[in-house]
Amino acid sequence: MTAPLETAEPAVAQAAAGPARLGTLRYALSKAGGALLSISMVIIGTFFLFRLLPGDPVRNLAQGRNMTPEQLDLERRRLGLDQPLFDQFLDFVGQTLRFDLGTSYEYKRPVLDLIGDRVGATLLLAGTSLVIAVSLGLWQGMRAGWRHGSRFDRFSTGTSLVLWSVPTFWLGLLLLLVFSSWFQWFPSRGIQDVDAPDGFGYVLDVAHHMVLPCIAMVGVLYAQYLLVMRSSLLDEVGQDYVTTARAKGLRDDEVRKRHAVPNALLPTVTLVFMRIGFVVGGAVTVEAVFSWPGLGQLFYEAIRVPDFTLMQGTFMLIAVSVILMNTLADVVYHILDPRVRSA
C-alpha cells in the first residue's frame, strides 16, 4: 500500500510546480509592463524637464567666438532648436525608439559614443563600491543583529546612521580636504596620472586615484545594507524555528549560519538589486567632486552648457537602469520567498 503513495508524491509535487511557475511568469510580465510604463514616463519627462533649465545652448557654445546673429540662427537651425517644441519632442521620441540618442552639441559626437567612452569608469567605481558596501554592510549587520545590544551593535549602528544622513558630495569634499589637501596621501582628481606606467603599475595608479571616491560612496551605501540586515536578523531571532534549533542543542554559530541568516538575507538581496541602479545615479555627485571621468562627470559637463541631447541620453540611461533593477529585484524576491508567491 505504501508504493502507490510514494509514486504519487512526485506527481503531486510536479502538479503543484506548474501553477507556481505560471504565477511567477504572470507576475514577471506584470512587472515588465509596469517597467515599460515607467520608462515611457521617463522619456516624456526627460525631454521637457531639461528644457526648463535657464540658458541658451547656442550662446553658451558661442562664447569666445565672434558670431553674428545670423550665424547664431544658422547654428540653431543646425541643432534643430528653431523648430516648435512639440516637433522637437516628436523627433526626440522617434530617435529614442531607434536607440539613437542624438549628437552632442558641445562634443559634436554621437551621445551613445560618449556614453560608451565613459561608462567603463562609472562601472569600475560603482561596481567596486557596491561590492565593498554589500560585503561590509552584511557582515556588520549580521554581527550587530545577532549580538543585539552589545557594544559592537551600538557602535556600528550609530556610525551607520550618521553616515547614512551625510550627503555624498559633502563626505567627498571632506575626504578631499583632509586626505588630499592636508595630508596629500591621495590625488584629488582624475582616474590616472598623466605619466602613469603601463601594466601592473597602471592598475595601482588607478586604484590609488579610486580610494577617496570609493570611500565616499561606500560610506553612504554600506549603512543601508547594515541596517536592513540587522533589522531582518532581529525579526528572525525571535521566530519559533530559531528557539527550536537552540533547544535541540545546536551551537549559536550553526543556528545563525544555517537558519537565521539565510531567511534574513531575503530583504537584503532585494535591496542589493534595487540599489544597483541608484549606485550608478549616485556616482554623479561623487564623480563631479573628484573629476572622475565617468557618466556622472559627463552629465555635469552637459548641464553647464546646457547640452540637451547629452543630458537626455545620460539621464535616461541612469533612470532606465534604476527601473530595470527595481523590476528585477521584485521578480527575484517573488522567486526566493515562498510567502510572497503564496500571497
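The model shown is predicted, which means the values in this text are computed figures rather than measured ones. (Residues numbered from 1 in each chain as written. Predicted model: local features only at pLDDT ≥ 70, side-chain atom pairs only at ≥ 80, totals over all residues. Heavy atoms only, no water.)

1. Examining the overall build of the protein chain
Along its length, the protein chain carries 13 helices and zero strands. Helices and strands in the protein chain line up, N terminus first, as α-α-α-α-α-α-α-α-α-α-α-α-α. Looking at the protein chain as a whole, 40% of its 343 residues qualify as buried. Taking as baseline every contact in the protein chain between residues at least 6 positions apart, the subset at least 24 positions apart corresponds to 75%. (Helix = DSSP H or I, 4+ residues; strand = E, 2+ residues; numbered from the N terminus. Buried < 20%, exposed > 50% of the residue type's maximum accessible area, 1.4 Å probe, protein only. Contact = heavy atoms within 4.5 Å.)

2. Some words on the nonpolar core
Leu125, Met217, Tyr225, Leu233 and Phe290 are the most contacted members of the largest nonpolar core, which has 41 residues in total. Among the secondary structure elements, those contributing two or more residues to this core are α5 (111–146), α7 (168–182), α8 (200–237) and α10 (252–290). Looking at this core element by element, the count peaks at 15 residues for α8. If near-sequence neighbours (up to four positions away) are discounted, phenylalanine 290 is found in contact with Gly172, Leu176, Ser188, Arg189, Gly190, Leu212, Pro213 and Ala216. If you look at the next biggest cluster of nonpolar residues, it comprises 28 residues, including Phe50, Phe92, Val111 and Leu310. (Core = buried A, V, L, I, M, F, W, Y, C linked by side-chain atoms within 4.5 Å.)

3. A short note on a nonpolar patch on the surface
On the surface, a cluster of nonpolar side chains totalling about 880 Å² of accessible area is made up of Phe169, Trp170, Leu173, Leu174, Leu177, Trp182, Phe183 and Trp185. Take leucine 173: it is sitting in helix α7. For leucine 173, a relative accessible area of 45% translates into the label partly exposed. (Patch = residues over 30% accessible without salt bridge, like charges linked within 9 Å, V, L, I, M, F, W, Y side chains within 5 Å. Areas by Shrake-Rupley, 256 points an atom, 1.4 Å probe, with all protein chains shown as cover. Salt bridge = Lys/Arg side-chain N within 4 Å of Asp/Glu carboxyl O.)

4. A word on the pattern of salt bridges
When charged atoms on two side chains of opposite charge get close, those side chains can pair. Under the counting rule described, the total for this entry stands at three salt bridges. Between aspartate 117 and arginine 109 there is a salt bridge; the shortest N-O distance is 2.8 Å. Here aspartate 153 and arginine 230 are joined by a salt bridge, their closest N and O atoms 2.7 Å apart. A residue pair is termed long-range when its members are at least 10 positions apart, and aspartate 153 in helix α6 (residues 151–165) and arginine 230 in helix α8 qualify at 77 residues.

5. Some words on the confidence of the model for the protein chain
Confidence in the prediction for the protein chain averages 78 pLDDT; 82% of positions are at 70 or higher. The least confident element of the protein chain is helix α13 (residues 338–341), whose mean pLDDT is 55; the most confident is α7, at 87. Low confidence marks residues 5–9, where pLDDT is under 50. Its contacts with residues over four positions away, or in another chain, come to zero contacts. (pLDDT = per-residue confidence, 0-100.)

6. Some remarks on the packing of aromatic side chains
Per the counting criterion, the structure on display carries nine aromatic pairs. Taken together, the ring pairs connect Phe47, Phe48, Phe86, Phe89 and Phe92 into an aromatic cluster. (Phe/Tyr/Trp six-rings, centres within 6.5 Å; stacked < 30°, edge-to-face > 60°.)

7. Focus: α5
Every α-helical turn comprises 3.6 residues, leaving residues that sit three or four positions apart pointing alike. Here α5 spans 49 Å end to end across 36 residues, near enough to the 52 Å set by a 1.5 Å rise per residue. Roughly 35° is the biggest bend found in α5, and it falls at arginine 118. (Expected span 1.5 Å × (residues − 1). Bend = angle between axes of the 7 residues up to and from the residue.)

8. Here we look at the packing of α5 against α8
The contact between α5 and α8 brings their axes to 5 Å, and the two run at 35°. Remark: the crossing between α5 and α8 carries right-handed chirality. The class makeup of the residues in the contact of α5 with α8 is 26 nonpolar, six polar and one charged. (Axes fitted to C-alpha atoms, helices over the stretch in contact; angles between N-to-C directions. Left-handed = near helix turned anticlockwise from the far one by under 90°. Nonpolar A, V, L, I, M, F, W, Y, C, P; charged D, E, K, R; others polar.)

9. Observations concerning unusual backbone geometry
When glycine is set aside, most residues are seen to have a negative phi, and most peptide bonds are trans. Here the phi dihedral of phenylalanine 99 falls at roughly 60°; this positive angle occurs in a residue that is not glycine. Following the sequence through the fold, phenylalanine 99 ends up in the loop between α4 (85–97) and α5. According to the relative accessible area criterion, phenylalanine 99 is exposed, its value standing at 68%.

10. A short note on α8
Taking 1.5 Å as the rise per residue, α8 with 38 residues should run 56 Å; its terminal C-alpha atoms sit only 47 Å apart, a clear shortfall. At valine 211, α8 shows its largest bend, some 40°, and a proline, proline 213, comes one to four positions later.

11. Things to note about the environment of alanine 207
Topologically, alanine 207 is positioned in helix α8. Distance in space between the C-alpha atoms of alanine 207 and leucine 125 is 9.8 Å, their sequence separation being 82 residues.

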